[in-house]
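Okay, here's what each chain looks like letter by letter:
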Amino acid sequence: MSIRTIEWKNNYIRMIDQTKLPQKLVYLNIKDIESLWQAIKLLKVRGAPALGGAAGLGAYLGIRNSRAVNYLQFEKELGRVCDYLASSRPTAINLFWGLERMMRVSQANKNKSILEIKKMLFKEAQMIIEEDRASCRQIGNFGEKLFCDNDSVLTICNTGILATIDYGTALGVIYRAQEVGKRLKIYACETRPLLQGARLTTWELKRKNMDVTLICDSMAASLMQQGKIKKVIAGADRIAANGDTANKIGTSSLAILAKYHKIPFYIAAPVSTFDLNIKSGKEIPIEQRNPAEITELFFKNRVAPRGIKVFNPAFDVTPNALISAIITDKGVIRPPYLKNICSYLK
Ligand code: MRU
């Protein structure tokens, strides 16, 4: 049975509550933007492309009952909704990209009636969703060619159905490879501290009867040393103009290990994840999260003394020099990234 991470259904946003997985598949009906903000903050919906979808649907949800009597009033209201949703998480560019797209549609139609603008916004939100479905499949088509039958592949975080609308970026490549008949052995890093790998990636891959083995993040080097990893593939939350890539904390360690062991390291992401306004990864804002995620969240008993100092960045930046190729919906981009990203994306 196919599932949708987030969609518009029966007049509300319907999403999978990813914090309940893998125990149960539960759907939430989100009826106001405050609940959506919380859902994003708490990672009930997560993953850069899914956040792009949440942005589009959320902007519409926030203004659909607007009583604005003229465009200026309406634009102010939409701006407030977008600023509010933008304050939920800072790193994944897709969230801001989706919100800006909604603002642009409103501005481009300012001469129409408010009712018509609302309809256009609904249509735009649906387009963001449909485009993600198509672009993930394109990423899969381009990316699977880099993989061989019987490859063993290491991945981190969750970059599949649950991180997008219904297919995936890095996991989309793996799904496509399987669809064209390549048998892959997947190693999934558990992805401390929020365990997106252990909870979500293994759940998704098991549903699809794929060969998946869960490892602790610290086991990657040992596997590589033993020659058990042929390729590494990860997603992205934001890619700078020079190819530096922010992704789940732990990704850059894998890239360094892969370089040392001469293993190809791939990033898979749609063009909506590129931020050409920033020159390098140094400018990417990195989200800091609640210390309790490390000290107690998934444990029966807390694992560190009360009041201990905690450093809990949700993402790190992998320098472009460690990335063998970036698989996008427009094709596979190879170094030199500064030159090639521009030519692919324009
Ligand atoms: O904190 P999360 O779970 O939202 O982090 C998600 C990731 O880092 C993913 O790898 C990234 O968004 C790409 S998803 C296709």
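See the structure above.
Computed from a predicted model, the values in this text were never measured in an experiment.

**Section: the pattern of salt bridges**
Following the criterion strictly, the structure yields 20 salt bridges and no others. Measuring nitrogen to oxygen at the nearest pair gives 3.0 Å for the salt bridge that ties D166 to R137. Taken together, the residues D166 in the loop between β4 (152-155) and α6 (170-179) and R137 in helix α5 (residues 114-144) connect sequence positions 29 residues apart. Judged by its relative accessible area of 11%, D166 is buried. Since its relative accessible area comes to 31%, R137 is described here as partly exposed. For E144, the salt bridge goes to K182, with nearest N and O atoms at 2.6 Å. Residue E144 is located in helix α5, and its partner K182 is located in the loop between α6 and β5 (185-189); the two are separated by 38 residues in the primary sequence. Look at the salt bridges and you will find they share partners, linking R4, E130, R133, R137 and D166 into a network.

**Brief notes about the site of the ligand**
Inspection of the region around the ligand gives 18 residues, with R46, R89, D237, N247 and K248 positioned closest. R46 is positioned with one of its side-chain polar atoms (N or O) 2.5 Å from an oxygen atom of the ligand. Protein contact buries 99% of the 420 Å² of open area that the ligand shows by itself. According to the grid-proximity analysis, the pocket containing the ligand is the largest cavity.

**Examining the sheet that holds strand β13 (residues 325-328)**
Spatially, β6-β5-β4-β7-β10-β13-β14 is the arrangement adopted by the seven strands of the open sheet, whose pairing is mixed. Looking at strand neighbours, the two that pair on one side only are β6 (211-215) and β14 (331-333), the edges of this open sheet. Shown here is a sheet whose adjacent strand axes are inclined to one another by a mean of 25 degrees, direction ignored. Note: strand β10 (residues 265-268) against β13, three bridges, orientation parallel. The residue bridging A268 from the neighbouring strand is I327, located in β13. Helix α7 (residues 196-207) rests against β4, β5 and β6 of the sheet, and its axis sits at about 170 degrees to β6. Contacts between helix α11 (residues 337-345) and the sheet are confined to β13 and β14, with β14 contributing the most and set at about 160 degrees to the helix.

Cut-offs used in this document
Residues numbered from 1 in each chain as written. Predicted model: local features only at pLDDT ≥ 70, side-chain atom pairs only at ≥ 80, totals over all residues. Heavy atoms only, no water. Salt bridge = Lys/Arg side-chain N within 4 Å of Asp/Glu carboxyl O. Helix = DSSP H or I, 4+ residues; strand = E, 2+ residues; numbered from the N terminus. Buried < 20%, exposed > 50% of the residue type's maximum accessible area, 1.4 Å probe, protein only. Near = heavy atom within 4 Å. Polar contact = N/O pair within 3.5 Å; in protein donor to acceptor, adjacent residues only side chain to side chain. Areas by Shrake-Rupley, 256 points an atom, 1.4 Å probe, with all protein chains shown as cover. 1 Å grid on protein atoms, 1.4 Å probe; cavity = no way out; pocket = protein on both sides within 12 Å on 5 of 7 lines; lining within 4 Å. Sits in = over half its atoms within 2 Å of the grid points. Pairing = 2+ DSSP bridges. Axes fitted to C-alpha atoms, helices over the stretch in contact; angles between N-to-C directions. Contact = heavy atoms within 4.5 Å.

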